[in-house]
Amino acid sequence: MADPTKADEPKDATPNVSDVEVAEVHSEEEAVAALDANVERGEPILQVRNLVKHFPLTQGIVIKRQIGAVKAVDGISFDLHQGETLGIVGESGCGKSTVAKLLMSLETATAGEVFYKGQDITRLSGRALKAVRRNIQMIFQDPYTSLNPRMTVGDIIGEPFDIHPEVAPKGDRRRKVKDLLDVVGLNPEYINRYPHQFSGGQRQRIGIARGLALNPEIIICDEPVSALDVSVQAQVINLMARLQDEFNLSYIFIAHDLSIVRHISDRVGVMYLGKMAEVGTDEQIYEYPTHPYTQALLSAVPVPDPEARERRDRIILTGDVPSPANPPSGCRFRTRCWKAQDKCAQEEPLLAIPERFKGSDTPAAHESACHFAEVKDVVHAA
Amino acid sequence: MTIIDPTDAVPAQRPGDHENTGPLLEVRDLHVEFQTREGVVKAVNGVNYTVNSGETLAVLGESGSGKSVTAQAIMGILDMPPARIPQGEIRFYGKDMLTMGAEERRKLRGARIAMIFQDALSSLNPVLSVGFQLGEMFRVHQGMSRKAAKAKSIELMDRVKIPAAAARVNDYPHQFSGGMRQRIMIAMALALEPDLIIADEPTTALDVTVQAQVMDLLAELQREYRMGLILITHDLGVVADVADKIAVMYAGRIVETAPVHELYKRPAHPYTRGLLDSIPRLDQKGQELYAIKGLPPNLLKVPAGCAFNPRCDKAQDICRTEFPPLVPVTEADGTELPGRASACHFWKETIHG
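Because the structure is a prediction, the values reported are computed rather than measured.

A word on the overall build of chain A
Of the regular secondary structure elements, chain A holds 13 helices and 11 strands. Expressed along its principal axes, the backbone C-alpha trace of chain A runs to roughly 65 × 60 × 50 Å. Counting every position in chain A, which comprises 382 residues, the buried fraction comes to 47%. Within chain A, contacts between residues at least 6 apart in sequence are counted, and of these 69% link residues at least 24 apart.

What follows is the structure, given as structure tokens:
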């Protein structure tokens, strides 16, 4: 049976990301050794190239026929540098959580590569994959469902040591767990309690402690604070910032709250319908957005200041996000864009520094996938 | 205890607002408690507020602050028992709803006071078409025929800007997107043109771009029908957009009330100030975020004195022993600030620096 997803595999829409230095390995031992190498601060630690994930849509019960695919992630590329926080924002259904799962190798990619220290983790298996997973950990959104209610906190945080016993010898585990509880600001005496005895913010701290247990280098945070109350959100954000400095972590911070993403991120990527729309430093994205979607997203954020609010001009998008099973031709945002022209329907805009800003060193010169990119300050008062 | 209701004094009457003199809704010293195995949970401890027609009151608070329980008490949809209302009044056009008979309240509910819930997917019945559910309002309250009710539903779906309403009236809730479902909830609340709508976190489950659409629609319809609106939310940003006045709740009490602009400019309660400081700003990159220390109180044993004292930077001995009443807030020179009140022993220090 022909695989239809291979035939219409998207072309790389990000032509100007740097080449990846692929590590030469011939055996599993060499692979594991390469994964132990240190990465200098500021050097790329994770490089994603043209990553694709299509979920097949099938028809029929006995004889399954593929009738299409939900293009959840459709060719995205980015780099994560050591010690930095990369924020990924977008509406629900844009594929940001699928990206997280792909990076964790919880889903197999349809196409594309994820290089961790020069090795493509989508092709690894066995011991090498296990070593990768030790170094890339995740913090989940919902602290109420991501902790097993029948396990004590000590068991939850200590469970990673069962899988990776080389990190902590058996006799030492309880002490390690207590240290971790202390690090995330919980009383180490709570080690024998169950998750239901904790509040939402405390549970999220337990989730963070579990993520830290194996001394990972990268932590992927999928909406880590969106289930928490405002006053507790700030506590958890501050904790995450402190841990980043202390343990030299790199974060991928996925969220839909643009103010929080700005607060914690060094660079921000804006996703729309399985593609990156715009990537840049926090200043470039928030002060000089050039993609109309970013501008609309920023202008829609409710600002807790009624006076600034009245002076801002707001862009209210009409309609909903199109279905990722049948995305629009050309630019995916064109169905909701006020600038859309014929060119947008025919030609897919590449994620690149727009022609008109090329060579200039203004903050507007960052990657934006729009044919008609121009700066519009929507965050500050006009 | 003396009852002070500073929200009463807000000059919220808009031009042309003369026909109704009394307030639309008046909540007076409302208490709600729940009997549980561990003891009595005091969810609401003496809440006072007033809503006039055409006015938006935002009730702001974290989870467990009692904001939703108050709303459910107004709607009369609390499960009793375990809930109990030991004291208080809820006056709708001057008439106390808590002393009304069940049948009389039923006539008000939906027709005169309607509610929009947070999660549209679980609030709509998945096995009935949205047209049927919308039409139910007309069939039950006005005894319309199925056909007439369906025609009305289409009209309503048009009002809340659902595209191709006539074609979609027979669709089921799962066939709509989150934003569209919330529009259907709004349409349902609006069906019988009520005097008061209570919206409990109407946009919390939605994306920012859709959130803006839905809030705009709600504000527009409110202006058009001149309804009173109680907007319950935890999002300081959403409130800033649409509210006329704000009541901040903490541990079952209102700790501060103010007209919307005033609250953001000069909070008069340390809790409000803490909340405002703890949200990151979109237009500037902050350093360390201010975080209110500790956790919201357990309602089984609310701290003595001011309920916020264990988390407050400014707490003194008096805060641990003496209960701070909600007192009117004035300028430093004693000039009255209409609509402002704070339940803090040190409101002067908090507002005037």
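Right, picking up where we left off after that structure.
Remarks on the overall build of chain B
Counting its secondary structure elements, chain B contains 13 helices and 13 strands. Relative to the compact-globule value of 20 Å for 353 residues, chain B shows a C-alpha radius of gyration of 21 Å, a close match. Expressed along its principal axes, the backbone C-alpha trace of chain B runs to roughly 65 × 50 × 50 Å. Across the 353 residues of chain B, 48% fall into the buried class. Looking at chain B alone, contacts between residues at least 24 apart form 65% of all its contacts between residues at least 6 apart.

Details of the environment of Gln 233 of chain A
Residues and elements named next belong to chain A. By the secondary structure assignment, Gln 233 is in helix α8 (residues 230-247). On a C-alpha basis, the gap between Gln 233 and Gly 200 in space is 10.0 Å, while along the polypeptide they are 33 residues apart. Contacts of Gln 233, omitting those with residues within four sequence positions, involve Val 225 and Leu 228.

As for the interface of chain B and chain A
Facing 38 residues of chain B, the contacting portion of chain A comprises 37 residues. Tallying contributions element by element places helix α8 (residues 208-225) of chain B first for the side of chain B that touches chain A, with six residues.

Examining α8 of chain A
All names here are of chain A. Across its 18 residues, α8 extends 26 Å between first and last C-alpha, which sits within 8% of the 26 Å expected from 1.5 Å per residue. For α8, the full list of buried residues reads Val 230, Ser 231, Val 232, Gln 233, Ala 234, Gln 235, Val 236, Ile 237 and Met 240. Two residues or fewer past α8, Asn 248 is found with a positive phi of approximately 60 degrees.

A short note on the packing of helix α5 (residues 153-163) of chain A against helix α6 (residues 173-183) of chain A
Between two packed helices, what matters for the description is the angle formed by their axes and the separation of those axes. Residue and element names in this part refer to chain A. Where α5 meets α6, the closest approach of the two axes is 10 Å, and the angle between their N-to-C directions is 115 degrees. The handedness of the crossing between α5 and α6 comes out as right-handed. Where α5 approaches α6, its residues Gly 154, Ile 157, Gly 158 and Phe 161 are matched on the opposing element by Arg 173, Arg 174, Val 177 and Leu 180. Looking at the contact of α5 with α6, its residues break down into four nonpolar, two polar and two charged.

Digging into the sheet that holds strand β1 (residues 44-59) of chain A
The four strands lie next to each other as β2-β1-β4-β5 (chain A), forming an open sheet whose pairing is antiparallel. Each having just a single partner strand, β2 (65-81) and β5 (119-120) of chain A make up the two edges of the open sheet.

A few points about the environment of Val 248 of chain B
Residues and elements named next belong to chain B. When you line up the elements, Val 248 lands in strand β10 (residues 245-250). Measuring from C-alpha to C-alpha, the distance between Val 248 and Glu 62 comes to 9.4 Å, with 186 residues separating the pair along the chain. Beyond its immediate sequence surroundings of up to four residues, Val 248 is in contact with Leu 60, Gly 61, Ile 254, Val 255, Glu 256, His 269, Tyr 271 and Thr 272.

Structural notes on the sheet that holds strand β3 (residues 85-89) of chain A
All names here are of chain A. Strand order in the open sheet formed by seven strands is β6-β7-β8-β3-β9-β10-β11, with mixed pairing between adjacent strands. One side of each edge strand has no neighbouring strand; the edge strands of this open sheet are β6 (136-139) and β11 (367-368). By the bridge criterion, two bridges tie strand β10 (residues 275-281) to β11 in an arrangement that is antiparallel. Within β11, the position partnered with Val 279 by the bridge is Glu 367.

Looking at unusual backbone geometry
Among all residues except glycine, the phi angle is most often negative; among peptide bonds, the trans geometry is most common. The backbone phi angle of Lys 117 of chain A is positive, close to 50 degrees, even though this residue is not glycine. With respect to the secondary-structure elements, Lys 117 of chain A resides in the loop between β4 (111-116) and β5. Positive phi outside glycine occurs at Arg 226 of chain B, with the angle close to 50 degrees. Its place among the elements puts Arg 226 of chain B in the loop between α8 and β9 (228-233).

Regarding the pairing of β4 of chain A
Residues and elements named next belong to chain A. Summarising the sheet, β1 and β4 pair through five bridges and their orientation is antiparallel. By the bridge assignment, Leu 46 is partnered in β4 with Tyr 116. Between the antiparallel neighbours β4 and β5 lie two residues, among them Lys 117 with a positive phi of about 50 degrees.

Examining the environment of Tyr 286 of chain A
Assignment of secondary structure puts Tyr 286 of chain A in helix α10 (residues 282-287). When the C-alpha atoms of Tyr 286 of chain A and Gln 346 of chain A are compared, they prove to be 29 Å apart, with 60 residues separating the residues in sequence.

Brief notes about the pairing of strand β5 (residues 89-92) of chain B
Residues and elements named next belong to chain B. A one-sided burial pattern is seen for β5, the buried positions being Ile 90 and Phe 92 and the unburied ones Glu 89 and Arg 91. Bridge count between strand β1 (residues 25-36) and β5: four bridges; the pairing is antiparallel. In the strand pairing of β5, Glu 26 is matched with Arg 91. The turn joining β5 and strand β6 (residues 95-96), which pair antiparallel and follow one another in sequence, is formed by two residues; a positive phi near 50 degrees is taken by Tyr 93.

Some points on the confidence of the model for chain B
All names here are of chain B. Averaged over every residue, the pLDDT of chain B is 83; residues scoring 70 or more account for 93%. This model gives residues 9-20 a pLDDT under 50, and the stretch forms 15 contacts once residues within four places in sequence are excluded. Scoring of the predicted complex yields 0.81 for pTM and 0.74 for ipTM.

Details of the nonpolar core
Membership of the largest hydrophobic core comes to 198 residues, with the highest contact counts inside it found for Ile 252 of chain A together with Ile 184 and Ala 187 of chain B. Per element, the largest residue contribution to this core is eight residues, and it comes from helix α7 (residues 178-190) of chain B.

With respect to helix α11 (residues 270-277) of chain B
Across the eight residues of α11 of chain B, six count as buried, placing the element largely inside the fold. Inspection of α11 of chain B places Pro 270, Tyr 271, Thr 272, Arg 273, Gly 274 and Leu 275 of chain B among the buried residues, and these make up the whole buried set. Each element contacted by the buried residues of α11 of chain B is listed here: α8 of chain A together with α9 (236-242), β10, β11 (253-259), α10 (260-265) and α13 (347-351) of chain B.

Quick word on the packing of helix α7 (residues 200-212) of chain A against α8 of chain A
Residues and elements named next belong to chain A. Where α7 contacts α8, the two axes come as close as 10 Å, and the packing angle between them is 15 degrees. On the basis of their axis angle, the class for α7 and α8 is roughly parallel. As for how α7 packs across α8, the hand of that crossing is right-handed. When α7 is examined against α8, the residues Gly 200, Gly 201, Gln 204, Arg 205, Ile 208 and Leu 212 are found in contact with a partner set consisting of Val 232, Gln 235, Val 236, Leu 239, Leu 243 and Phe 247. Partitioning the contact of α7 with α8 into residue classes produces seven nonpolar, four polar and one charged.

Focus: the confidence of the model for chain A
Reading fine detail from the predicted coordinates is not recommended where pLDDT is low. Summarising the model, chain A shows a mean pLDDT of 84, and 90% of its residues fall at 70 or more. In the model, residues 1-10 of chain A has pLDDT below 50 throughout and makes nine contacts with residues more than four positions away in sequence or in other chains.

Criteria and thresholds
Residues numbered from 1 in each chain as written. Chains lettered and ligands numbered in written order. Predicted model: local features only at pLDDT ≥ 70, side-chain atom pairs only at ≥ 80, totals over all residues. Helix = DSSP H or I, 4+ residues; strand = E, 2+ residues; numbered from the N terminus. Buried ≥ 20, exposed ≤ 12 C-beta atoms within 10 Å, placed from the backbone. Contact = placed C-beta atoms within 7 Å. Rg over C-alpha atoms; globule rule 2.2 N^0.38 Å. Expected span 1.5 Å × (residues − 1). Axes fitted to C-alpha atoms, helices over the stretch in contact; angles between N-to-C directions. Left-handed = near helix turned anticlockwise from the far one by under 90°. Nonpolar A, V, L, I, M, F, W, Y, C, P; charged D, E, K, R; others polar. Pairing = 2+ DSSP bridges. pLDDT = per-residue confidence, 0-100. Core = buried A, V, L, I, M, F, W, Y, C linked by C-beta atoms within 7 Å. Parallel < 35°, antiparallel > 145°, perpendicular 65-115°, else oblique.

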